[in-house]
Amino acid sequence: MFNFFKKNNEENTQKTNIFQNTGNAILAGFANFLNQDKPFDEFELEDIESNLIRADIGVELAVDIVEKIRKNKITSSKLVDFLKNEFENTLKDSAEAQLKYDANKLNVYFIVGINGAGKTTLIGKLANKLKNEGKKVLIAAGDTFRAAAEEQLDIWAQRAGVDIVRKDRIDSSAVIYEGLEKAQKEGYNVLLIDTAGRLQNKFNLIEELKKNKSVIAKLAPDCINENILVLDANLGQNGLSQAKVFTEAVDVTCCAVTKLDGSAKGGIIFAIAHDYHIPTKLIGVGEKIDDIRDFDSKEFIEKIFA
Ligand SMILES: Nc1nc2c(ncn2[C@@H]2O[C@H](COP(=O)(O)OP(=O)(O)OP(=O)(O)O)[C@@H](O)[C@H]2O)c(=O)[nH]1
Ligand SMILES: [Mg+2]
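Owing to the predicted nature of the structure, the values given are computational and were not obtained by experimental measurement.

(A) Molecular detail of the packing of helix α9 (residues 238-249) against helix α10 (residues 268-276). Contact geometry of α9 with α10 gives a least axis separation of 10 Å together with a crossing angle of 45°. The angle between the axes of α9 and α10 places the two elements in the oblique class. In this structure, α9 crosses over α10, and the sense of that crossing is right-handed. Seen from α9, the contacting residues are Gly-239, Leu-240, Ala-243 and Thr-247; seen from α10, they are Ile-268, Ala-271, Ile-272, Asp-275 and Tyr-276. A breakdown of the residues in the contact of α9 with α10 according to their chemical character gives 6 nonpolar, 2 polar and 1 charged.

Here is the structure:
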């Protein structure tokens, strides 16, 4: 009984953090004015813009939104509804937050992101989630760059109770090749591919990811493919420049935003949707195996202003 309540409390704390950090940043200084029926003056509009930027929603989107508030003479009492509506429009592609999946095909989820973003952890959690849904899951240890990367992934595979292909620091494309072959021959539903977060330089990183992708295209042209960019929510706006690098290398189909259990604001979810039209489908809310959620944009927006 005690444990049950404890878990619930932990979950509530997490939710409060994830969503309210963003809301607090956006409405800072305005909470007491929200029942007034007058349009905002220029100083107030500037404050709203700074608040939105501070909430990590991205400069472009913040400027867009404030311009609309000015043009439409939105009054303070309408501000929250107006913002909710704008945010819903921004996240319309995230509304169907499920990863693409076809039970009759091999589903290949290729995971990219900078060093420390949470790729390997996400793979462990996702493997566990998919396995619990009854899917046969294989992991390919494609980070052949960082020492101990394979061991870390192996531990996650054991925790999740799924199979892993690792070749201990041989070329990542060779590991992916073997993973694809095994997955196809042995009828796996899902192949999760880990990748290196940092190579010697950006050129190497992009070239390696492109090579990995061409192996998938050649060996499994008919697979269902998601290229998932993992972003650490704590990095806020830096996430946008990361997105740029990775979209140059692979066709990023969705984001997984991690570490939303801490002091992060989560605004990056709006920025990525607005600037890159990339939906967020998964969020990471802790370091444990079940700290993963499908991203629910409606819930996210409602809780921001709750
Ligand atoms: N609090 C919290 N920590 C997380 C979350 N996801 C990952 N982490 C932690 O972030 C750190 C880095 O995670 P990794 O999964 O190793 O990151 P990575 O992207 O694989 O890093 P590289 O392999 O070095 O490229 C670890 O200490 C994880 O426990 C999350 O959702 N919440
Ligand atoms: Mg890793």
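(B) Geometry of the domain arrangement of the chain. On domain assignment, one finds that the chain holds domain 1 (2-94) and domain 2 (107-295). Computed from C-alpha atoms alone, the centre-to-centre distance between domain 1 and domain 2 is 30 Å. Contacts between domain 1 and domain 2 engage 17 residues on the former and 23 residues on the latter. When residues of the side of domain 1 that touches domain 2 are traced back to their parent elements, those giving at least two are α1 (2-27), α3 (59-71) and α4 (79-90). With 6 residues, α1 is the single largest residue contributor to the side of domain 1 that touches domain 2.

(C) Fine view of the site of ligand 1. Taken together, 21 residues lie around ligand 1, and Gly-118, Thr-120, Thr-121, Gly-197 and Gly-284 are the ones closest in. Of all the elements, helix α5 (residues 119-132) adds the most residues to the shell around ligand 1, at 3 residues.

(D) Structural context of helix α2 (residues 42-54). The terminal C-alpha atoms of α2 lie 18 Å apart, and with 13 residues this matches the ideal 18 Å at 1.5 Å per residue to within 8%. All buried positions along α2 are accounted for by Ile-48, Leu-52 and Ile-53. Down the axis, α2 shows its buried residues gathered within 135° of arc, on one side only. Seen from the buried face of α2, the exposed residues on the opposite side, beyond 90 degrees, are Phe-43 and Glu-46. Note on α2: the residue one or two positions beyond its end, Asp-56, has a positive phi of about 70°.

(E) Representation of the packing of helix α8 (residues 202-219) against α9. Where α8 contacts α9, the axes come no closer than 8 Å and their chain directions differ by 45°. By the angle between their axes, α8 is oblique relative to α9. Crossing angle aside, the handedness with which α8 passes α9 is right-handed. Only Val-245, Glu-248 and Ala-249 of α9 make contact with α8, whose side of the interface consists of Lys-202, Leu-205, Ile-206, Leu-209 and Lys-210. Within the contact of α8 with α9, the residues separate by chemical class into 5 nonpolar, no polar and 3 charged.

(F) Broad picture of the environment of Ile-228. Its place among the elements puts Ile-228 in strand β5 (residues 224-232). Among the residues examined, Ile-228 registers 26 C-beta atoms within 10 Å and is labelled buried. For the pair Ile-228 and Thr-280, spaced 52 residues apart in sequence, the C-alpha separation works out to 9.1 Å. Leave out the neighbours within four places in its chain, and Ile-228 touches Tyr-109, Phe-110, Ile-111, Cys-254 and Ala-256.

(G) Seen up close, the environment of Asn-204. Along the polypeptide, Asn-204 turns up in helix α8. Between the C-alpha atoms of Asn-204 and Leu-83, which are 121 residues apart in sequence, the distance is 41 Å.

(H) View of the environment of Ser-94. Mapped onto the elements of the fold, Ser-94 is located in the loop between α4 and β1 (107-112). Take Ser-94: there are 23 C-beta atoms within 10 Å of it, and that puts it in the buried class. For Ser-94 and Asp-296, which are 202 residues apart along the polypeptide, the C-alpha to C-alpha distance reads 7.7 Å. Beyond its immediate chain neighbours, meaning those up to four positions away, Ser-94 contacts Ala-273, Pro-279, Thr-280, Phe-295 and Ser-297.

(I) Summary view of helix α7 (residues 172-185). For α7, built from 14 residues, the straight-helix expectation of 20 Å at 1.5 Å per residue is met to within 8% by its first-to-last C-alpha distance of 20 Å. Contact partners of the buried residues in α7: β2 (137-140), β3 (163-165), β4 (190-193) and α8. Positive backbone phi, at 65°, marks Gly-187, one or two positions downstream of α7.

(J) Summary view of unusual backbone geometry. Of note, Asp-56 is a non-glycine position whose phi angle comes to about 70°, a positive value. Its identity is not glycine, yet Lys-259 carries a phi of approximately 65°, on the positive side.

(K) View of the pairing of strand β7 (residues 280-284). Here β7 lies mainly inside the structure; 5 of its 5 residues are buried. Where strand β6 (residues 254-258) and β7 come together, 3 bridges link them in parallel fashion. Across the sheet, Cys-255 pairs through a bridge with Thr-280, a residue of β7. Here 3 bridges tie β7 to strand β8 (residues 292-294), and the two strands are oriented antiparallel to one another. Residue pairing across strands places Ile-283 opposite Arg-293, the latter belonging to β8.

What counts and what doesn't
- Residues numbered from 1 in each chain as written.
- Chains lettered and ligands numbered in written order.
- Predicted model: local features only at pLDDT ≥ 70, side-chain atom pairs only at ≥ 80, totals over all residues.
- Axes fitted to C-alpha atoms, helices over the stretch in contact; angles between N-to-C directions.
- Helix = DSSP H or I, 4+ residues; strand = E, 2+ residues; numbered from the N terminus.
- Parallel < 35°, antiparallel > 145°, perpendicular 65-115°, else oblique.
- Left-handed = near helix turned anticlockwise from the far one by under 90°.
- Contact = placed C-beta atoms within 7 Å.
- Nonpolar A, V, L, I, M, F, W, Y, C, P; charged D, E, K, R; others polar.
- Domains from an automatic or database assignment.
- Near = placed C-beta within 6 Å.
- Expected span 1.5 Å × (residues − 1).
- Buried ≥ 20, exposed ≤ 12 C-beta atoms within 10 Å, placed from the backbone.
- Arc of directions from axis to C-beta.
- Pairing = 2+ DSSP bridges.

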